[in-house]
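Residue-level structural notes
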Amino acid sequence: MQEHQELAPREKLLAYGAAALSDVELLAIFLRTGSQGEPVLRLSERLIREFGSLYLLMQADYEKLKQCKGMGDCKFTQLQAISELARRFFSEQFLFEDVMAGPESLKSRLLDLFAGQEREVFIVLFLNNQNQIICYEEMFKGTLNRVEVHPREIIRFAIKMNASAIILAHNHPSGNPEPSLADKQVTERIHSACSIMGVKLLDHFVVGHKQCVSFAERGWL
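Residues numbered from 1 in each chain as written. Predicted model: local features only at pLDDT ≥ 70, side-chain atom pairs only at ≥ 80, totals over all residues. Heavy atoms only, no water.

1. As for the overall build of the protein chain
Looking only at helices and strands, one finds 10 helices and five strands in the protein chain. Looking at the protein chain as a whole, 41% of its 221 residues qualify as buried. Across the protein chain, the fraction of contacts at a sequence separation of at least 24, relative to all contacts at a separation of at least 6, is 56%. When the accessible surface of the protein chain is split by element, carbon and sulfur atoms take 51% of a total near 12600 Å². (Helix = DSSP H or I, 4+ residues; strand = E, 2+ residues; numbered from the N terminus. Buried < 20%, exposed > 50% of the residue type's maximum accessible area, 1.4 Å probe, protein only. Contact = heavy atoms within 4.5 Å. Areas by Shrake-Rupley, 256 points an atom, 1.4 Å probe, with all protein chains shown as cover.)

Written out as structure tokens, the structure is:
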């Protein structure tokens, strides 16, 4: 165990796999170098501590980041690239899957997609007439436990993408996936808007830390 802990991040990854690395160690691999008088591992640890979490660090804007010692244009662009690369990776995993044939697989991917989110995020999966995902879009972001959802924006995007159906998904940062009254109300509003425009609302997933609740499975759609 001691030997495991003393390995440098790159050597540890090669020996035990990426999952064995802490957030600090993974960040250190991407940053590559520290700042004057501060090794990269110490810099990574300080950044995560100052921002509160790896997710909040990755979401920080340029103005906030550049105020931190050791952060400049180079490291800011590295963080932005990591974040965008992760987003595109998960996006492409969804594409052209028949989601109705494998709901458990979709749940698993949604859990991965929302992992680490500390704010409520509302995404929409847009499907073709064969129930294959043609794209997904992060439509709305909120505070710790509240997000404003606008059905007209969802419908507008569905028409733009020529989508025949949609699936909704949002997370509960508390970790409890049980849908709230507000979740049910916004689903009804979106369902009504979809019906008018001839777009099917197939499901709405509420994602917690370890499980998802499906509105369709509950018989609510």
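Read on for the rest.
2. Regarding the sheet that holds strand 1 (residues 121-127)
Overall, mixed pairing links the five strands, which are arranged 2-1-3-4-5 in an open sheet. Two strands lie at the open edges of the sheet, namely strand 2 (133-141) and strand 5 (212-214), each paired on one side alone. Direction aside, neighbouring strands of the sheet carry axes that sit 20 degrees apart on average. Note: strand 4 (residues 200-207) against strand 5, three bridges, orientation antiparallel. Pairing of F205 across the sheet is with S214, part of strand 5. (Pairing = 2+ DSSP bridges. Axes fitted to C-alpha atoms, helices over the stretch in contact; angles between N-to-C directions.)

3. A few points about the pairing of strand 1
Burial of strand 1 is extensive: seven of the seven residues sit out of reach of the surface. Here strand 1 runs beside strand 2; their pairing, made up of seven bridges, is antiparallel. Bridging from a neighbouring strand, F126 pairs with C135 of strand 2. Pairing between strand 1 and strand 3 (residues 165-171): six bridges, direction antiparallel. Note that in strand 3 the partner of L125 across the bridge is I167.

4. Some remarks on the pattern of salt bridges
Inspection of the entire model under this criterion finds nine salt bridges. With a shortest N-O distance of 3.0 Å, E25 and K12 are connected by a salt bridge. Separated by 13 residues along the polypeptide, E25 in helix 3 (residues 23-31) and K12 in helix 2 (residues 9-16) bring together distant segments of the chain. On the basis of relative accessibility, which here comes to 10%, the residue E25 falls in the buried class. Note that E63 is salt-bridged to K66, the shortest N-O span being 3.4 Å. (Salt bridge = Lys/Arg side-chain N within 4 Å of Asp/Glu carboxyl O.)

5. As for the side chain of S44
Looking at the secondary structure, you find S44 in helix 4 (residues 40-51). Reaching out from S44, the side chain makes a polar contact with the backbone nitrogen of A28 at a distance of 3.3 Å. The residues contacting S44, other than those within four sequence positions of it, are V24, L27, A28 and L31. (Polar contact = N/O pair within 3.5 Å; in protein donor to acceptor, adjacent residues only side chain to side chain.)

6. As for the packing of aromatic side chains
Per the stated rule, a full pass over the model turns up four aromatic pairs. Sitting over the face of the ring of W220, K184 holds its NZ or CZ atom 4.5 Å from the ring centroid. (Phe/Tyr/Trp six-rings, centres within 6.5 Å; stacked < 30°, edge-to-face > 60°. Lys NZ or Arg CZ within 6 Å of the ring centre and 35° of its normal.)

7. Topic: the layout of surface pockets
Empty space within the largest pocket amounts to approximately 830 Å³. Lining the largest pocket are 27 residues, and of these Y55, M58, Q59, S83 and A86 sit closest to its centre. Contributing elements (two or more residues each) for the lining of the largest pocket: helix 3, helix 5 (54-59), helix 7 (73-94), helix 8 (103-114), strand 1 and strand 2. It is helix 7 that contributes the most residues to the lining of the largest pocket, seven residues altogether. When the residues that make up the lining of the largest pocket are grouped by side-chain class, the tally is 16 nonpolar, five polar and six charged. (1 Å grid on protein atoms, 1.4 Å probe; cavity = no way out; pocket = protein on both sides within 12 Å on 5 of 7 lines; lining within 4 Å. Points joined across faces, edges and corners; volume = space filled by probe spheres on them. Nonpolar A, V, L, I, M, F, W, Y, C, P; charged D, E, K, R; others polar.)

8. A look at unusual backbone geometry
One non-glycine residue with positive phi stands out, namely N131, at about 60 degrees. Note that N131 resides in the loop between strand 1 and strand 2. A positive phi angle is found at N162, which is not glycine, with a value near 55 degrees. Tracing the sequence through the fold places N162 in the loop between helix 9 (151-160) and strand 3.

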